[in-house]
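Read off the chains here:
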4 protein chains.
Amino acid sequence: MEKVIHDPVHGSLRLGGLVLELIDSPEVQRLRGIRQLGLANLVFPGANHSRFEHVLGVSNLVERLGHELELPEKELNPLLATAVLHDIGHPAYSHTLEYLMKDYLGKDHMEFAGSILLGKASTYEREEIKEIQKLRVPSVVDILSKHDISPSEVAGLVLGKHRKLYLGQIIHGDIDVDQMDYLLRDAHSTGVALGMIDIDRLMGTIIVHENRIATESKGVEAVEGFLTARALMFTSVYFHHTVRIAEMMLANAVEFAIKQGSAINRYNFHRLTDAELMERLHSIPGYPREIMMRLRYRRLFKTAYVEERRELTRPEKRRFLKKYGKWRQIRMLQDEIAEKAGLPPGRVILDVPIVDVLISEPRLEKVEVPALADGKLVRLSKLSPIAEALKKRQAPRHLLRVITTAENVRKVMRAASKVLG
Amino acid sequence: MEKVIHDPVHGSLRLGGLVLELIDSPEVQRLRGIRQLGLANLVFPGANHSRFEHVLGVSNLVERLGHELELPEKELNPLLATAVLHDIGHPAYSHTLEYLMKDYLGKDHMEFAGSILLGKASTYEREEIKEIQKLRVPSVVDILSKHDISPSEVAGLVLGKHRKLYLGQIIHGDIDVDQMDYLLRDAHSTGVALGMIDIDRLMGTIIVHENRIATESKGVEAVEGFLTARALMFTSVYFHHTVRIAEMMLANAVEFAIKQGSAINRYNFHRLTDAELMERLHSIPGYPREIMMRLRYRRLFKTAYVEERRELTRPEKRRFLKKYGKWRQIRMLQDEIAEKAGLPPGRVILDVPIVDVLISEPRLEKVEVPALADGKLVRLSKLSPIAEALKKRQAPRHLLRVITTAENVRKVMRAASKVLG
Amino acid sequence: MEKVIHDPVHGSLRLGGLVLELIDSPEVQRLRGIRQLGLANLVFPGANHSRFEHVLGVSNLVERLGHELELPEKELNPLLATAVLHDIGHPAYSHTLEYLMKDYLGKDHMEFAGSILLGKASTYEREEIKEIQKLRVPSVVDILSKHDISPSEVAGLVLGKHRKLYLGQIIHGDIDVDQMDYLLRDAHSTGVALGMIDIDRLMGTIIVHENRIATESKGVEAVEGFLTARALMFTSVYFHHTVRIAEMMLANAVEFAIKQGSAINRYNFHRLTDAELMERLHSIPGYPREIMMRLRYRRLFKTAYVEERRELTRPEKRRFLKKYGKWRQIRMLQDEIAEKAGLPPGRVILDVPIVDVLISEPRLEKVEVPALADGKLVRLSKLSPIAEALKKRQAPRHLLRVITTAENVRKVMRAASKVLG
Amino acid sequence: MEKVIHDPVHGSLRLGGLVLELIDSPEVQRLRGIRQLGLANLVFPGANHSRFEHVLGVSNLVERLGHELELPEKELNPLLATAVLHDIGHPAYSHTLEYLMKDYLGKDHMEFAGSILLGKASTYEREEIKEIQKLRVPSVVDILSKHDISPSEVAGLVLGKHRKLYLGQIIHGDIDVDQMDYLLRDAHSTGVALGMIDIDRLMGTIIVHENRIATESKGVEAVEGFLTARALMFTSVYFHHTVRIAEMMLANAVEFAIKQGSAINRYNFHRLTDAELMERLHSIPGYPREIMMRLRYRRLFKTAYVEERRELTRPEKRRFLKKYGKWRQIRMLQDEIAEKAGLPPGRVILDVPIVDVLISEPRLEKVEVPALADGKLVRLSKLSPIAEALKKRQAPRHLLRVITTAENVRKVMRAASKVLG
């Protein structure tokens, strides 16, 4: 059976067999309920696209690239499976709760996807599992086994790991299909043209050379364009300060809810969809409900204190990571500022976006796609001053930012200066 | 204060004053939580755009058209307010529950918007009103009064009514800005190019003549293109049979929930957002939760019986309306079929899309935009065989359709033939 | 060898073998010098795209459709050759001189392409042939023979004729790839969105059934969209009255030049490229040079007399064809008007666009793509009132039009009324 | 009178008064006959767009920016005039003959535009002037004077010079409207997405500060995107090696023709349109005609010797300019190589693209748009490592390249190594 699905980014997609079966699994259908860009729609009203769409797009790009590289079926199939499944570990609102996942689970969303694939974890809460079983649908693990695909191979690919290096790199590498799809899709949905990349040229000039993904020399500009688009989208959209404010508010509300531990707890918080998370927050009086209402009706916290970005040396980065690398550390610091300002916890929120980059999106500093020039592989930064420059560029406009409710901005500014200054 | 917002369809929108204040009202912010195309994303995965985006788009088109027509501020401002507010009466999933609204409230979403504007109704349940008040945000009614705009003028405009006919027609007429925005936006989000209209030409050739909206003769093709695009989008997207199946399932689940009358009842069902409605359905064991799970994981009912479209005479249409025009009538018929098939109520669902057209989208048969040819107004169907043809064209591909769970298709087919045949 | 070419409409095209060789032939390279839309750039400044681009696009669509229909290579190759070669018989400015070709050669551009393919004619003037030979490039006939493709099969396909009906229809039928490409390309270049068609859906729903091209029933809307787009583009772009004025001026200048018979004569007029034709007209003092200067600097003739379109009965069409079907007839009538107005020949030009439709673009009235509904083929007009309506719709806004220089408009109006009224 | 023109890049343009009159002047109409990208269509078949379209686009952007910056009419009008007129000095095939202009006229196309504006030169050959006069159309100088616009102010603006610095910079500065339009238009026509810039953001964040054009800090990413897009388009399109080969062939053919001095001579070569130039080359037997035929049928010279790009120090750049900065110097060197290879002059062509950048497009190294951060102007390269990197990036992939006919490649390679190595 084959099915044609219309995708606003890549046109008509023809799906069949493996991909179609995986898409119908509850783990992947769940992604319809998770917005690709978390709360970015509070700033970019069009940003309502879901991880589900993205996953279809990635599988389409894998198919296209697999065709270009003439990959044999036994390499292509695990790649396709990974394309469809690489995001099943995502919590509600995509990257917003990543920090908490790391802290409470000790896993990021990719590692959690691995656990699901290996049958060690589930995206569902206990009661839901029973109801899903009533629908009598095969799980992801069943489908993989039916198609003779090794779950652990897929779990590795999600992390970009594979004995054949290029297979991992296609999914999760310096210029992977995941990033290609999200740049195009986010540009399409937000209307921010900065993310437009030359997908045709990228697809046409990526090669496999010495077991690795590389680019033909005539593709260098397309790669430069890709790297720049990515950097600019991070600054203007993903790390837009208002988006960050909203996301940090949500993360703090979830933290409070977990502490109370009823409708939302440390075992379920990352399994919920956007809708579930919001409705459960709403059901918890006090801080969680207040924040949920503020997000729903867009009454956001304001900036009280900000430290502008500057180029960081390697030791500085290390120091930042050491000081702010854990959710608990940040919580303690923000509570210290709140106390100094005479405010209860939760009224003051500290955001250190640079840590996010270093932890969740290390690809952002990876610009070393090898280019094939005259039969030899050359590091891109050798060929391209742009690539070299992007290594140094700080994607977030601010190193750190302290936010609070409108009426407390002054108080918090003073307190933050003392604690962080 | 002015704000620039990026819209994927119309580019950068510059918002200020009246429009910005209205957008910040809770009534309009609520629209972020309502998908423009209901459950169409189950078929067109990109269809996640919200009524909120649409409302921004419509206000942009009003501004553009107002500029073209050189409308004075005291005509433009009520129009702008209406553009932002015309959808505040919408229940979750847009048109899906319209039928139920008519039945339980005796009002469609536009009439309900009127009630809100006149202070006779609210989009919120009682408890929520208090929480919103804590956020200290001005309501829509306050803002209108601050800007000296008459709520009843706006309530009239929502329905396309105004002493100055053209003002009503701009918002809700044969070729209004509401339809222009949704065609472009739905095409953009679904990837179905059929909805592409020549917005530049439309904007440039619409005029006011003898108190009415008309088109210059050089704009006739743009209008023909608009009318055709609308007809084709109705058939391929809005009335796509799988979309209808999902929406009818949801409507029936809500009906069951209302009958039980706890988390969802006749007073609140139309005030909820998509997320709230789904989560509440989930909280109600039995039919509501089952249907919600089926929608969430895309296990839809199947077609058991179908009557293909054909051209209907006027008396036939009247007969259809008389027989199927009310939700109760349809419920009785579908229960009759269910009984005959030995199934409990809810297992059999009857869909009569033609009634929807006649009741909710009478604009679809309105194709008589007057065109100005040699200084005289001519009816479009005089100039354009296309316009004439569209009057006869049935947008839905099926007159009626009976659906049920996969395993009961045969039984229901027989039963339906007896009852409806 | 394979080559990637960037096309603004279809993206990266991968060309190789047969197609690449044919493209490199002088007959096809010549098409770089012929604008797809003749003089339409005088009204739509972006309309500078060439027949060469179009031909690449058509070959791309053939490849795509061939893949969808799983055509074997021995059917696909002649189709690809035809796609590349179908326009080699075109004179300068595309359709502008078609009338003259019919009159002087007794052939339209497709029939002339056939002559070239069969080795009976050449696109070049005698001297040029020698110079081309110096470049030592294989001719089209050589390349076809190298690839074992029958020139007469290709010559037939150009006219839409083939024993296997569907092969002919793919190239030149009711919804052929030629039209699909030109609608998209002309919309892209002119910025007139009316030509946007849903190419993805068309490609995905066209089938071969009982030896003919048909559409699946779920493709009906895409076909309706296609037919409407075509009709609207004809009215707004191809038959735009100013475009017609410019093109008729050019045709008359060429006629004068042929009469003088030096730089341009009846044997070479249709072989020249746009540039050659213009420069040669410039070299001929008197009327040809004047018209050329008027076109170059956009000092166009004005309308003196016009008869608006109306629905024509079949006998009326026949009468029109009988009266105006030949270039000579039109010349005689316009000269009669000129005489009556006291003006020399050439000052008055008569345009009867309806004849053009009937002679050169009979596809415009062909809307009977068969649709497959429930296993049976149904005529589209049965399913679609739009298709039915398009049969009656007159693409040109005017039945006939008389033009002259600005200062003679009144005189000519009176004279024309007498002669034509 | 007002006129609406459809532009494929910016949509419907509403033109009136000054702009419309200037557009109708013969100087501007002439630009219909000059392709924006010279011979790039030999590589990018869609690149047939004309300077005329571009000029309309630039005037549209000036209007838009003027509106954003709230420029008074007496500043806006000269800017609009300059937008329409800035390219009237262009020779055929845009930048291809720039080198020769410099050498024979001692002026580049902008300086020549200045001469025309000041009434010291004309775009026409003597005989043509008379014929244009017959068309009785006002010249550019007449129109400016009618609108009280100083020709010398416009002549200065063409070069980016104005007492009010920002006025000059809007037309010809680091991020000017000229570049914005050409990047978008070239991307649109070639299908190379690398040129896509975020025009909405650029327009919305450009400000005037201390008499200069600057960007708000929230516009920095849009500027980074603009600068990168420009750099990538130069490398992939404008300096594509095959495009350069074709353009150098043409320049050499014109040089030969000038030397012969009949149909083409040093007084007229830069006044001709693309069509005229080609047809005149064709009329000159020997080298000019051969090259013309090679270009027409795409039989291009091949690369014999190439020196790859590398980062150049300032002194190296100076040395390059000194050695290759003049057309004569290059001619002498290429003739020396030809002689050494035993070939007649013209068979060997030397291309040194870096000189072109330094001479004709110094904007390419200008990346210092000031950005307003916290009320202070900061140099962009301070804020953006990308901007810094672009200063160092060589747009052309090759420092120099020697080309010849296919059969002489080896011979010439050896000879070039000796002369240049």
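See the structure shown above.
Residues numbered from 1 in each chain as written. Chains lettered and ligands numbered in written order. Predicted model: local features only at pLDDT ≥ 70, side-chain atom pairs only at ≥ 80, totals over all residues. Heavy atoms only, no water.

Mapping chain D onto chain B calls for a rotation angle of 180 degrees and an axial translation of 0.0 Å; the resulting RMSD is 0.0 Å. When the rotation and shift are considered jointly, the pair of chain copies conforms to a two-fold rotation axis. An overlap of 100% is found between the interface residues of chain D and their copies at the interface of chain B, pointing to a shared contact surface. (Least-squares fit on C-alpha atoms with pLDDT ≥ 70 in both. Contact = heavy atoms within 4.5 Å.)

Once that is clear, we can look at the sheet that holds strand 4 (residues 212–216) of chain B. All names here are of chain B. Spatially, 3-4-7-8 is the arrangement adopted by the 4 strands of the open sheet, whose pairing is mixed. Each edge of the sheet is formed by a strand with only one pairing partner; in this case those strands are strand 3 (206–209) and strand 8 (376–379). Neighbour to neighbour, the strand axes of the sheet diverge by 45 degrees on average, direction disregarded. Looking at chain direction, strand 4 and strand 7 (residues 370–373) are connected through 2 bridges and run parallel. If you follow E216 over to strand 7, its bridge partner there is L372. (Pairing = 2+ DSSP bridges. Helix = DSSP H or I, 4+ residues; strand = E, 2+ residues; numbered from the N terminus. Axes fitted to C-alpha atoms, helices over the stretch in contact; angles between N-to-C directions.)

Glancing now at the relation of the copies chain A and chain B. Taken as rigid bodies, chain A and chain B are interconverted by a rotation of 180 degrees and an axial shift of 0.0 Å, the fit giving an RMSD of 0.0 Å. Of the residues that chain A buries at the interface, 100% are likewise interface residues in chain B, meaning the two copies contact each other through the same surface.

Moving on, we get to helix 14 (residues 241–260) of chain B. Residue and element names in this part refer to chain B. Over its 20 residues, helix 14 runs 29 Å from end to end, which matches the ideal 28 Å to within 8%, given 1.5 Å per residue. With respect to burial, helix 14 is a largely interior element, 16 of its 20 residues being buried. Once helix 14 ends, the next one or two residues include G261, with phi positive near 75 degrees. (Expected span 1.5 Å × (residues − 1). Buried < 20%, exposed > 50% of the residue type's maximum accessible area, 1.4 Å probe, protein only.)

Okay, the interface of chain A and chain B next. Many structure descriptions define interface size as the accessible area lost when the parts assemble. With 46 residues of chain A in contact, the opposing surface of chain B contributes 47 residues. Both faces combined, the contact of chain A with chain B buries some 3900 Å², and carbon together with sulfur accounts for 54% of it. Summed over the three residues of chain A that lose the most area to chain B, namely A:R32, A:Y297 and A:R299, the buried surface amounts to 17% of that side. The tally of links from chain A across to chain B stands at 6 salt bridges. Where B:E128 meets A:R296, a salt bridge forms, and the shortest distance between an N and an O atom there is 3.4 Å. Every element with two or more residues in the side of chain A that touches chain B is listed here: strand 1 (2–7), helix 2 (26–29), helix 3 (51–68), helix 7 (126–134), helix 11 (177–190), helix 15 (274–283) and helix 16 (287–296) of chain A. Looking at the side of chain A that touches chain B residue by residue, the classes come out as 17 nonpolar, 13 polar and 16 charged. (Buried area = accessible area lost by both parts, 1.4 Å probe. Salt bridge = Lys/Arg side-chain N within 4 Å of Asp/Glu carboxyl O. Nonpolar A, V, L, I, M, F, W, Y, C, P; charged D, E, K, R; others polar.)

For the rest of this paragraph, the subject is the sheet that holds strand 7 (residues 370–373) of chain A. All names here are of chain A. Ordered in space as 3-4-7-8, the 4 strands form an open sheet in which the pairing is mixed. Here the strands that pair on one side only, and so sit at the sheet edges, are strand 3 (206–209) and strand 8 (376–379). The sheet shows a mean angle of 45 degrees between the axes of neighbouring strands, taken without regard to direction. Two strands pair when backbone bridges link them, and strand 7 and strand 8 are joined in this way by 4 bridges, in the antiparallel orientation. Counterpart to A371 in the pairing with strand 8 is V378.

Moving on, we come to the nonpolar core. B:L420 and C:L420 are the most contacted members of the largest nonpolar core, which has 311 residues in total. Ignoring anything within four residues of it in the chain, the contact list for C:L420 reads C:Y305, C:Y324, C:L333, C:I337, C:L350, C:L400 and C:V402. (Core = buried A, V, L, I, M, F, W, Y, C linked by side-chain atoms within 4.5 Å.)

Note that an α-helix has 3.6 residues per turn; residues three or four places apart therefore point the same way. Of all 10 residues that make up helix 16 of chain A, 8 are buried, and the element is covered over most of its length. Buried within helix 16 of chain A we find A:Y287, A:P288, A:I291, A:M292, A:M293, A:R294, A:L295 and A:R296. Looking at the buried positions of helix 16 of chain A, the neighbouring elements they touch are helix 14 (241–260), helix 15 and strand 6 (349–351) of chain A together with helix 2 (26–29), helix 7 (126–134) and helix 15 (274–282) of chain B. After helix 16 of chain A finishes, the residue A:R298 shows a positive phi value of roughly 55 degrees.

The next point concerns the packing of helix 4 (residues 73–85) of chain B against helix 9 (residues 151–158) of chain B. Residue and element names in this part refer to chain B. At a minimum axis distance of 9 Å, the contact between helix 4 and helix 9 shows a crossing angle of 60 degrees. Looking at the two axes, helix 4 sits oblique to helix 9. Here helix 4 runs over helix 9; the crossing is right-handed. Between helix 4 and helix 9, the residues in contact are P78, L79, A81, T82 and L85 and E153, V154, L157 and V158, respectively. Across the contact of helix 4 with helix 9, the residue classes break down as 7 nonpolar, 1 polar and 1 charged. (Parallel < 35°, antiparallel > 145°, perpendicular 65-115°, else oblique. Left-handed = near helix turned anticlockwise from the far one by under 90°.)

Attention shifts here to the packing of aromatic side chains. A complete count under the given rule lists 32 aromatic pairs over all chains for this structure. Ring plane angle 75 degrees and centroid distance 5.9 Å describe the contact between A:Y182 and A:Y238, whose orientation is recorded as edge-to-face. Here A:Y182, found in helix 11, pairs with A:Y238, found in helix 13 (residues 220–238); they are 56 residues apart in sequence, far enough to count as distant. Here A:Y182 matches A:Y238 in class, with each residue buried. Relative to C:F239, the ring of C:F234 has its centre 5.7 Å away and its plane inclined at 35 degrees; by these criteria the two rings are tilted. Clustering of aromatic rings is evident, with ring pairs tying together A:Y182, A:F234, A:Y238 and A:F239. The residue whose ring lies beneath C:R32 is C:F52, and the NZ or CZ to ring-centre distance is 4.0 Å. (Phe/Tyr/Trp six-rings, centres within 6.5 Å; stacked < 30°, edge-to-face > 60°. Lys NZ or Arg CZ within 6 Å of the ring centre and 35° of its normal.)

In the structure shown here, the tally under the stated rule is 106 salt bridges over all chains. Where D:R51 meets D:D87, a salt bridge forms, and the shortest distance between an N and an O atom there is 2.7 Å. Here D:R51 is found in helix 3 (residues 51–68), whereas its partner D:D87 is found in the loop between helix 4 (73–85) and helix 5 (98–105), with 36 residues between them in sequence. Residue D:R51 is classed as buried on the basis of its relative accessible area, which comes to 4%. A salt bridge links D:D351 to D:R244, with the shortest nitrogen-to-oxygen separation between them at 2.6 Å. Placement of the pair is D:D351 in strand 6 (residues 349–351) and D:R244 in helix 14 (residues 241–260), with a sequence separation of 107 residues. Taking relative accessible area as the criterion, D:D351 reaches 4% and is therefore assigned buried. For D:R244, a relative accessible area of 6% gives the class buried. A cluster of three or more residues bridged by salt bridges with shared partners is formed by A:D7, A:E53, A:D181 and A:R185.

So, on to the interface of chain D and chain B. In this assembly, 8 residues from chain D lie in contact with 8 residues from chain B. For the pair chain D and chain B, the two sides together bury roughly 680 Å², of which 33% comes from carbon and sulfur. In this structure, the connection of chain D to chain B is made through 2 salt bridges. The salt bridge involving D:R14 is made with B:E68; its shortest N-O contact spans 2.8 Å. Summed over the shared surface of chain D and chain B, the number is 6 residue pairs in polar contact (both at pLDDT 80 or more). For the side of chain D that touches chain B, the elements supplying multiple residues, two or more each, are strand 2 (11–16) and helix 12 (199–205) of chain D. For the side of chain D that touches chain B, the residue count by class is no nonpolar, 4 polar and 4 charged. (Polar contact = N/O pair within 3.5 Å; in protein donor to acceptor, adjacent residues only side chain to side chain.)

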